[in-house]
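# Understanding the architecture of this molecule
What follows is each chain in one-letter form.
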Amino acid sequence: MKRTVLITGGSRGIGRQMALDFGAAGYNVIINYNKSRDAAMEVVNELNAREIACQAIQADVSDSDQVKRMADEVMFGHVDTLINNAGIAHLGLLQTDSEQDFDRVIGVDLKGVWLVTRAFLPDMISNGFGRIINISSFWAERGSSTETAYSAAKAGVNGLTKALSREVGEYVTVNAIIAGLIATEMNDRVPPDALFRIVDNTPVRRIGKPEDISHAALFLADGKSSFINGALLHADGGY
Ligand code: NAP
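Residues numbered from 1 in each chain as written. Predicted model: local features only at pLDDT ≥ 70, side-chain atom pairs only at ≥ 80, totals over all residues. Heavy atoms only, no water.

### Examining the overall build of the protein chain
So the rule is basically this: Labels follow the DSSP assignment, with helices taken as runs of H or I lasting at least four residues and strands as runs of E lasting at least two, numbered in each case from the N terminus. Put simply, the radius of gyration uses C-alpha atoms, and a globule should come to 2.2 Å times the residue count raised to 0.38. Note on exposure labels: buried denotes an accessible area under 20% of the residue type's maximum, exposed denotes more than 50%, and partly exposed covers the range between, all computed with a 1.4 Å probe on protein chains only. Reported accessibility uses the Shrake-Rupley method at a 1.4 Å probe radius. Residues are deemed covered only where the shown protein chains occlude them. In summary, the charge assignment counts Lys and Arg as positive and Asp and Glu as negative, without counting His or the chain termini. Positions of charges follow a simple convention, taking NZ of Lys, CZ of Arg, CG of Asp or CD of Glu.
Along the protein chain, the regular secondary structure elements total eight helices and seven strands. Its C-alpha radius of gyration of 17 Å places the protein chain within 12% of the 18 Å reference for a compact globule of 239 residues. Seen along its three principal axes, the alpha-carbon backbone of the protein chain occupies a region of about 50 × 35 × 35 Å. Burial status across the protein chain gives 48% buried among its 239 residues. With an accessible surface of roughly 11,500 Å², the protein chain has 52% of that area assigned to carbon and sulfur atoms. Positive and negative side-chain charges in the protein chain, numbering 23 and 29 respectively, have mean positions lying 3 Å apart.

As structure tokens, then:
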């Protein structure tokens, strides 16, 4: 049976690349987006032009009602592969960040993973097969100064991944990809000297491309990866 992947935050960056690559690998593709409708429709059109089925659904992953609506709107039968990729970054010092800044980052980057997983997990369990892949960050383990909320949210994603992998591993594998610095719009505001320091500390001597994360996700989604569960797979060039 044809596999179906739902990629949250599939309109841009890493999620967009995963949509194209999973489509090319034979999956039906559903992308979720929040604000970037035009970019999401470009992904749909690009896949449709290659005769790959793709649906785009708008929903803010931090809002439980919108996530429920998204689950009602999915086409292609059921989702067997969920990639929790939607995320936002926020730069600021803890001492000057507002409570709203913290809530927004935790809401999208951590609660969003919990809400979307909760919406799609029951079908995976009743169908006896599923793959959940959470996109985490190297800052979860190292901590990024000026990104306390983001680092905490991603550390939470790692914990959620490990815990859920113990709850449902018999049917559904749950893994995370610990992404290093990847060239997307998310890093547009990172100063050049900080980028240089990261490359300098990365043994492969480059920053990552969205394809690097997409490749790791395809590997974890593969039916043959059934003994990989609760893993935090580093795709960070060895940083
Ligand atoms: P990006 O280029 O900024 O794209 C972010 C995506 O998330 C967009 O498609 C955006 O959709 C979506 N999104 C944001 N808020 C959302 C919400 N509330 N509900 C639904 N979708 C939402 O970022 P990226 O670099 O591709 O990042 C993708 C994931 O990788 C994130 O979880 C990020 O934390 C993680 N990551 C990135 C890096 C990096 O260096 N880039 C490193 C480690 C981990 P709209 O534009 O439609 O709102």
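### Some thoughts on the pairing of strand β3 (residues 54-58)
Heads up, the condition is: Two strands qualify as a pair provided DSSP detects at least 2 bridges between them. By convention, orient the strands away from the viewer: a clockwise path from the first strand over the helix to the second makes the crossover right-handed.
When strand β2 (residues 28-33) meets β3, the two strands line up parallel, connected through five bridges. Bridge pairing in β3 places Asn32 opposite Ile57. In this region the chain leaves β2, passes through helix α2 (residues 37-49) and returns to the parallel neighbour β3; the handedness of that crossover is right-handed.

### Overview of the site of the ligand
The cut-off we apply is this: Near residues are defined by distance, with any heavy atom within 4 Å of the molecule or strand qualifying the residue. In protein, a polar contact means a hydrogen-donor-capable atom and an acceptor-capable atom, both N or O and within 3.5 Å, with residues adjacent in sequence counting only if both atoms are side-chain atoms; elsewhere, any N or O pair within 3.5 Å suffices.
Lining the immediate environment of the ligand, one finds 31 residues, of which Ser11, Ser36, Asn85, Tyr150 and Thr184 sit closest. The separation between a nitrogen atom of the ligand and a polar main-chain atom of Val61 is 3.0 Å. Take Asn187: an N or O atom from its side chain is 2.8 Å from an oxygen atom of the ligand. For the ligand, whose unbound accessible area comes to 890 Å², protein coverage reaches 96%. Every element with two or more residues in the shell around the ligand is listed here: α1 (13-24), β2, β5 (130-137) and α6 (148-168). Looking at which element gives the most residues to the shell around the ligand, the answer is β5, with three residues.

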